[in-house]
Amino acid sequence: MVNPLCVTAFFDGRRGHEKQTRAVLQALERVTPLSVTVRNVEPGNFFQAAGNWARYGLRRIRPLKRVPFSVDLIIGAGSYTHIPMLLLKEETGARAVTCMTPERLFLRRFDLCLIPRHDRPEGSDNIFLTLGPPCIRPAPQVRDLAKGLILVGGRDPKSHWWSSQTTMDQIRSILAADPLIHWTITSSPRTPADMLVMLTQLAEENPAVSFFKSEDTHLGWLEDRYAQTWRVWVTADSMSMIYEAVSAGCRVGILPVLWKKKRNKFQTSLEFLIENRYAMSYEMWRSGADEFNPAPLDEASRCAQEILRRWWPERLP
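Presented here is an overview of the structure given in this document. The structure presented is a predicted model; accordingly, all values stated were derived computationally and were not measured. (Residues numbered from 1 in each chain as written. Predicted model: local features only at pLDDT ≥ 70, side-chain atom pairs only at ≥ 80, totals over all residues. Heavy atoms only, no water.)

**Overview of the overall build of the protein**
Applied cut-off: Numbering goes from the N terminus for both helices and strands, where a helix is a DSSP run of H or I of at least four residues and a strand is a run of E of at least two. We compute the radius of gyration from the C-alpha atoms alone; for a globule the expected value is 2.2 Å times N to the 0.38, where N is the number of residues. When a residue's accessible area, from a 1.4 Å probe over protein chains only, is under 20% of the maximum for its type it is buried; when over 50% it is exposed; and in between it is partly exposed. Two residues qualify as a contact provided that any one of their heavy atoms is within 4.5 Å of a heavy atom in the partner residue. Only four residue types enter the tally: Lys and Arg on the positive side, Asp and Glu on the negative side, with His and both chain ends excluded. Working definition for charges: the position is that of NZ of Lys, CZ of Arg, CG of Asp or CD of Glu.
Summing up its helical and strand segments, the protein has 10 helices and 14 strands in all. Relative to the globule expectation of 20 Å for 317 residues, the C-alpha radius of gyration of the protein, 21 Å, shows essentially globular dimensions. By principal-axis analysis of the C-alpha atoms, the protein measures approximately 65 × 45 × 35 Å. Each of the 317 residues in the protein was classed as buried or not, and the buried ones make up 50%. Put simply, 68% of the contacts in the protein that link residues at least 6 apart link residues at least 24 apart. Positive and negative side-chain charges of the protein, numbering 41 and 34 respectively, have mean locations separated by a distance of 6 Å.

As structure tokens, this is what we get:
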């Protein structure tokens, strides 16, 4: 019997970051036994952040003598987790892995950075490029062809202009084209108030539509819907949900937004998905295209395999 790999996972309270970390843990656990301890970091806590920076600066001047501590792997996502992760690495000598691009100051401090290719990182031996963020793989279920899912993002002043009316018109076109499908629609924390009002009214008017605000859903709610649903539409600004749906094996359509920069990292990522038939643009759908890559992405498994290959190859099958 192989002893469990002792893992400390850091969570910052953001659902998207927690999902990425849990996806890699889930993939690791499919290959080797794990013993996982969770540490929660409160984002936005000034005093906690200041204390972490002070401790980190002190460790650079006066390194701690490592103490025996049963940790093999430290993993997390989110900038607020980085210093606590690196402090624990200093104390224990464990391998530290971040599931996102860290600040440049910390890049070389991590043993491994799992970074999506659209972030365009500089080459380094501690960077592992992924096609997209690692995503939780839903438990297999029978997909209901009479169910559809629409995921609505919202405003982000840095990346795109948002038009609630344009997105609403596109959603109505999709509903009209597939009147026999019951559509579940959900929002995101970025969805503006006028869009929420229109989606609420749409569900009240149309018995084939159910609308759930993002704050009314629980962790795992979306994964359950992915597993049950064949057709999923996602607004182009919601990259994490696009990759989640693609990784779940859904047929994913992308509702366009108006980007502020013509060549940004999100567009590059979407073009890769569309060119490789992992997803379909709204314009392609209107022209009658309906061809998809039969193999879903599984970046979480690739990340897990890379972690084990580097440090615990004896645990690989």
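Continuing now.
**Quick notes on the side chain of Ser164**
The test is simple: As used in this structure description, the phrase polar contact means that two N or O atoms lie within 3.5 Å; if the pair is within protein, one of them must be able to donate a hydrogen and the other to accept it, and residues adjacent in sequence are counted only when both atoms belong to side chains.
If you trace the backbone, Ser164 turns up in helix H4 (residues 164–177). A distance of 3.0 Å separates a polar atom in the side chain of Ser164 from a polar atom in the side chain of Asp194. Every residue in contact with Ser164, bar those within four places of it in the chain, is listed here: Pro192, Asp194, Met195 and Met198.

**A word on unusual backbone geometry**
Excluding glycine, most residues fall at negative phi; most peptide bonds, likewise, are trans. One non-glycine residue, Arg277, lies in positive phi territory at about 60°. Since its relative accessible area comes to 32%, Arg277 is described here as partly exposed.

**Remarks on the pairing of strand S5 (residues 112–116)**
Put simply, side chains in a regular strand alternate between the two faces of the sheet. Rules: Whether two strands pair depends on DSSP finding at least two bridges between them.
Counting buried residues in S5 gives five out of five residues, a clear majority hidden from the surface. Where burial is concerned, the two faces of S5 agree: the one with Leu112, Leu114 and Pro116 and the one with Cys113 and Ile115 are both buried. In the sheet, strand S4 (residues 95–98) pairs with S5 via two bridges, with the strands oriented parallel. Its bridge partner lying in S5, Thr98 is registered against Cys113. As paired strands, S5 and strand S6 (residues 127–130) are joined by four bridges and run parallel to one another. From the neighbouring strand, Ile115 faces S6, where its bridge partner is Leu129.

**Here we look at the environment of Thr81**
Checked against the element boundaries, Thr81 lands in helix H3 (residues 79–92). Exposure remark for Thr81: the relative accessible area of 0% places this residue in the buried category. Each C-alpha atom, one on Thr81 and one on Arg39, is 9.4 Å from the other, the two residues being 42 residues apart in sequence. Side-chain polar atoms of Thr81 contact the backbone oxygen of Gly78, separated by 2.6 Å.

**Describing the side chain of Ser269**
Counting through the fold element by element, Ser269 comes out in helix H8 (residues 265–275). By relative accessible area, which is 2% here, Ser269 ends up buried. Residues contacting Ser269, with those up to four places away along its chain left out, are His118, Leu131, Met239 and Tyr243.

**A short note on H8**
Looking at H8, one finds that the buried residues are Gln267, Ser269, Leu270, Phe272 and Leu273. Along its buried surface, H8 packs onto helix H7 (239–247), strand S12 (251–255), strand S13 (258–259) and strand S14 (279–281). The distance from a side-chain oxygen at the start of H8 to the backbone nitrogen of Phe266 is 2.9 Å, and the residue carrying that oxygen is Asn264. Looking at the residues trailing H8, positive phi occurs at Arg277, about 60°.

**A word on the packing of aromatic side chains**
Under the convention used in this document: Aromatic rings from Phe, Tyr and Trp, with only the six-membered ring used for Trp, were paired whenever their centres fell within 6.5 Å, and each pair was classed as stacked if the ring planes differed by under 30 degrees, edge-to-face if by over 60, and tilted otherwise. Either the NZ atom of lysine or the CZ atom of arginine qualifies as a charge over a ring when it sits within 6 Å of the ring centre and within 35 degrees of the ring normal.
One pass over the structure, following the stated rule, counts seven aromatic pairs. Among the aromatic side chains, those forming a connected cluster through ring pairs are Trp233, Tyr282 and Trp285. Just above the ring of Phe272 sits the side chain of Arg117; from NZ or CZ to the centre is 4.7 Å.

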